[in-house]
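# Structural description and commentary
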Amino acid sequence: MTYDAAIDAALQRLHDEGRYRTFIDIERRKGHFPAAVWTKPDGTEKDITVWCGNDYLGMGQHPEVLAAMHEALEATGAGSGGTRNISGTTVYHRRLEAELADLHGKEAALVFSSAYIANDATLSTLRTIFPGLIIYSDALNHASMIEGVRRGGGEKRIFRHNDVAHLRALIAADDPAAPKLIAFESVYSMDGDFGPIKEICDLAEEVGALTYIDEVHAVGMYGPRGAGVAERDGQMHRIDIINATMAKAYGVFGGYIAASAKMVDAVRSYAPGFIFTTSLPPSVAAGAAASVRILKTAQHLRDAQQTAARILKMRLRGLGLPIIDHGSHIVPVHVGNPVHCKMLSDMLLDQFGIYVQPINFPTVPRGTERLRFTPSPVHDAKQIDHLVRAMDALWRHCALNRAEVAG
Ligand SMILES: *Cc1c(COP(=O)(O)O)cnc(C)c1O
């Protein structure tokens, strides 16, 4: 009984702070993204528009991606049937890794169950490969990187978000002979700001540190072939390990790293999170490979997405809403209170059929709660217009502030 009481108390804490998470039961309609159907708790259905998905380019309904998945499914069946080492490596996995290595201009790539696992498994394993490794980690790195750094168990330093001077000072205080790795992101998805890739690569070169970048929110989206912000900025060749996902802009599932053949070989050989788990279903690997290949040349989709983001920001800013704008594809609107944030999200869904999930602590710091919109090429002018009118009405109804948050 005391166990039950402890569970109740843990859940009650979340309710008290207004950050208990409720899942919304939605089903997207293939061929009609971002349209979806919401099944309410009472079982009734309502047509809605998804405004918070990470399938940024609508690739999850791309006919060629689906065709590749169908073909692999028909050819080999549902699952892979094993770990990569024991019967779970197929031609689909090898093709996918070749596609990813080519995307990033690296010798090799290694596919994991997700980018979360790729971050966690790789960062924690590098400690085994490089004894005495010190990891310098950006303060706003994703939970999966934090977990990997923590579980690795070695020395770690947290530098203030995007503060290269602070990073430099931390490095200067350590043994120059110690192996070092700087871990950061290219697009921080909650504010939509960019990491200082060139400055960090310059510093890493100067002090002889390895670089590790999470391009999860950038692959498919930035760079002439969709390899990410490091590609766009001409820095990709300077990054030692690139981490990303096939589940966001690529619209499918799975994560990976791309690096030198030697680095990939070592991680492949030592990382428990890679070794002791069943490989991706071949159909998933086939779909992901198709999506990566398609987006290497689909600049029009990237352009359309950026245009949609610019229009939405311009219109929300026109209403005086406190948007956070760092020039990326993500459109966060600052609310600053978990209860208000949840309430706005509920009203958007109930009254306007607009689905945007409230983003509360611990995903973002307390006091910075927000609604985070992810426009895409599949959101049309009418849907943008509907969203903008709804936000205007709710902001007025709830008498919320219209001050701009510094971008
Ligand atoms: C979503 C996310 C991940 C995890 O990616 P999955 O493939 O969904 O596990 C890793 N890093 C960042 C920054 C993310 O936002």
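Residues numbered from 1 in each chain as written. Predicted model: local features only at pLDDT ≥ 70, side-chain atom pairs only at ≥ 80, totals over all residues. Heavy atoms only, no water.

## Some remarks on the packing of helix 4 (residues 115–129) against helix 5 (residues 143–152)
It is the contact of helix 4 with helix 5, at a shortest axis distance of 7 Å, that shows an interaxial angle of 25°. When the axis of helix 4 is compared with that of helix 5, the two are roughly parallel. Of the two elements, helix 4 crosses helix 5, and the hand of that crossing is right-handed. Taking contact as the criterion, the partners of Ala-115, Tyr-116, Asn-119, Asp-120, Leu-123, Ser-124 and Arg-127 in helix 4 are, on helix 5, Ala-143, Ser-144, Met-145, Glu-147, Gly-148, Val-149, Arg-151 and Gly-152. The class makeup of the residues in the contact of helix 4 with helix 5 is six nonpolar, five polar and four charged. (Axes fitted to C-alpha atoms, helices over the stretch in contact; angles between N-to-C directions. Helix = DSSP H or I, 4+ residues; strand = E, 2+ residues; numbered from the N terminus. Parallel < 35°, antiparallel > 145°, perpendicular 65-115°, else oblique. Left-handed = near helix turned anticlockwise from the far one by under 90°. Contact = heavy atoms within 4.5 Å. Nonpolar A, V, L, I, M, F, W, Y, C, P; charged D, E, K, R; others polar.)

## Quick word on the site of the ligand
As a matter of local geometry, the ligand sits amid Ser-114, Ala-115, Tyr-116, Asn-119, His-142, Ser-144, Glu-185, Asp-214, Val-216, His-217, Thr-245 and Lys-248. Ala-115 places a main-chain nitrogen or oxygen 2.9 Å from an oxygen atom of the ligand. When the ligand sits alone it has 380 Å² of accessible area, and the protein chains cover 84% of it. Class assignment of the residues belonging to the shell around the ligand gives a composition of three nonpolar, six polar and three charged. (Near = heavy atom within 4 Å. Polar contact = N/O pair within 3.5 Å; in protein donor to acceptor, adjacent residues only side chain to side chain. Areas by Shrake-Rupley, 256 points an atom, 1.4 Å probe, with all protein chains shown as cover.)

## Points about the sheet that holds strand 2 (residues 35–39)
Spatially, 1-2-3-14 is the arrangement adopted by the four strands of the open sheet, whose pairing is mixed. The sheet terminates laterally at strand 1 (26–28) and strand 14 (354–355), the two strands that pair on one side only. Where strand 2 meets strand 3 (residues 45–50), five bridges bridge the pair, whose relative direction is antiparallel. The residue of strand 3 that forms the bridge with Val-37 is Asp-47. (Pairing = 2+ DSSP bridges.)

## Structural notes on the state of the cysteines
All chains considered together, the criterion is met by zero disulfides. No disulfide involves Cys-398; its sulfur sits 12 Å from that of Cys-341, the nearest cysteine. (Disulfide = S-S within 2.5 Å.)

## Describing unusual backbone geometry
For the peptide bond that leads from Phe-33 to Pro-34, omega is 0°, which places it in the cis range. Relative to the helices and strands, Pro-34 is located in the loop between strand 1 and strand 2. Here the amide bond leading from Phe-361 into Pro-362 is cis, since omega sits at 5°, within 30 degrees of zero. Positive phi is not limited to glycine here, since Ser-87 has a value of about 75°.

## Comments concerning the sheet that holds strand 15 (residues 358–359)
One open sheet holds the three strands; their spatial order is 13-16-15, and the pairing between them is antiparallel. Edge positions in the sheet fall to strand 13 (331–334) and strand 15, since each of these pairs with one other strand and no more. Its contacts with the sheet put helix 13 (residues 338–352) on strand 15 and strand 16 (370–373), and the angle it makes with strand 16 is roughly 45°.

## Regarding helix 5
Among the residues of helix 5, Ser-144, Met-145, Gly-148 and Val-149 are the ones counted as buried. The buried residues of helix 5 occupy one face: seen down the axis, they fall within an arc of 135°. Structurally, helix 5 contributes buried residues whose contacts are with helix 4, strand 5 (134–138), strand 6 (155–159), strand 7 (180–185) and strand 10 (210–214). Once helix 5 ends, the next one or two residues include Gly-153, with phi positive near 85°. (Buried < 20%, exposed > 50% of the residue type's maximum accessible area, 1.4 Å probe, protein only. Arc of directions from axis to C-beta.)

## A look at the environment of Gln-61
Along the polypeptide, Gln-61 turns up in the loop between strand 3 and helix 2 (63–76). Spatially, the C-alpha atom of Gln-61 lies 31 Å from that of Thr-122, the residues being 61 residues apart in sequence.

## Overview of the nonpolar core
What tends to happen in soluble globular proteins is that the nonpolar side chains get buried as a cluster. Core analysis: the biggest nonpolar cluster contains 63 residues, and Ile-182, Phe-184 and Met-246 have the highest contact counts within it. Per element, the largest residue contribution to this core is nine residues, and it comes from helix 11 (residues 282–295). Residues contacting Ile-182, with those up to four places away along its chain left out, are Tyr-136, Phe-159, Leu-167, Ile-171, Ile-200, Ala-204, Ala-209, Leu-210, Thr-211 and Tyr-212. Listed in part, the 32 residues of the second largest apolar core include Cys-52, Leu-312, Val-388 and Trp-395. (Core = buried A, V, L, I, M, F, W, Y, C linked by side-chain atoms within 4.5 Å.)

## Observations regarding the pattern of salt bridges
Tallied over the entire structure, the rule returns 25 salt bridges. Across the salt bridge formed by Arg-366 and Glu-17, the nearest N and O atoms sit 2.8 Å from each other. Of this pair, Arg-366 sits in the loop between strand 15 and strand 16 while Glu-17 sits in the loop between helix 1 (2–16) and strand 1, placing them 349 residues apart in sequence. For Arg-157, the salt bridge identified is with Asp-174, shortest N-O distance 2.8 Å. A residue pair is termed long-range when its members are at least 10 positions apart, and Arg-157 in strand 6 and Asp-174 in the loop between helix 6 (164–172) and strand 7 qualify at 17 residues. Each of Glu-99, Asp-102, Arg-225 and Lys-296 takes part in one network of salt bridges that share partners. (Salt bridge = Lys/Arg side-chain N within 4 Å of Asp/Glu carboxyl O.)

## Remarks on the packing of aromatic side chains
Summed over the entire model, instances satisfying the criterion amount to three aromatic pairs. The interplanar angle of 80° and the centroid separation of 6.4 Å between the aromatic rings of Trp-51 and Phe-373 together place this pair among those described as edge-to-face. Of this pair, Trp-51 sits in the loop between strand 3 and helix 2 while Phe-373 sits in strand 16; the two residues are 322 residues apart in sequence, bridging distant segments of the chain. With a relative accessible area of 1%, Trp-51 lands in the buried category. Over the face of the ring belonging to Tyr-92 we find Arg-95, whose NZ or CZ atom lies 5.6 Å from the ring centre. (Phe/Tyr/Trp six-rings, centres within 6.5 Å; stacked < 30°, edge-to-face > 60°. Lys NZ or Arg CZ within 6 Å of the ring centre and 35° of its normal.)

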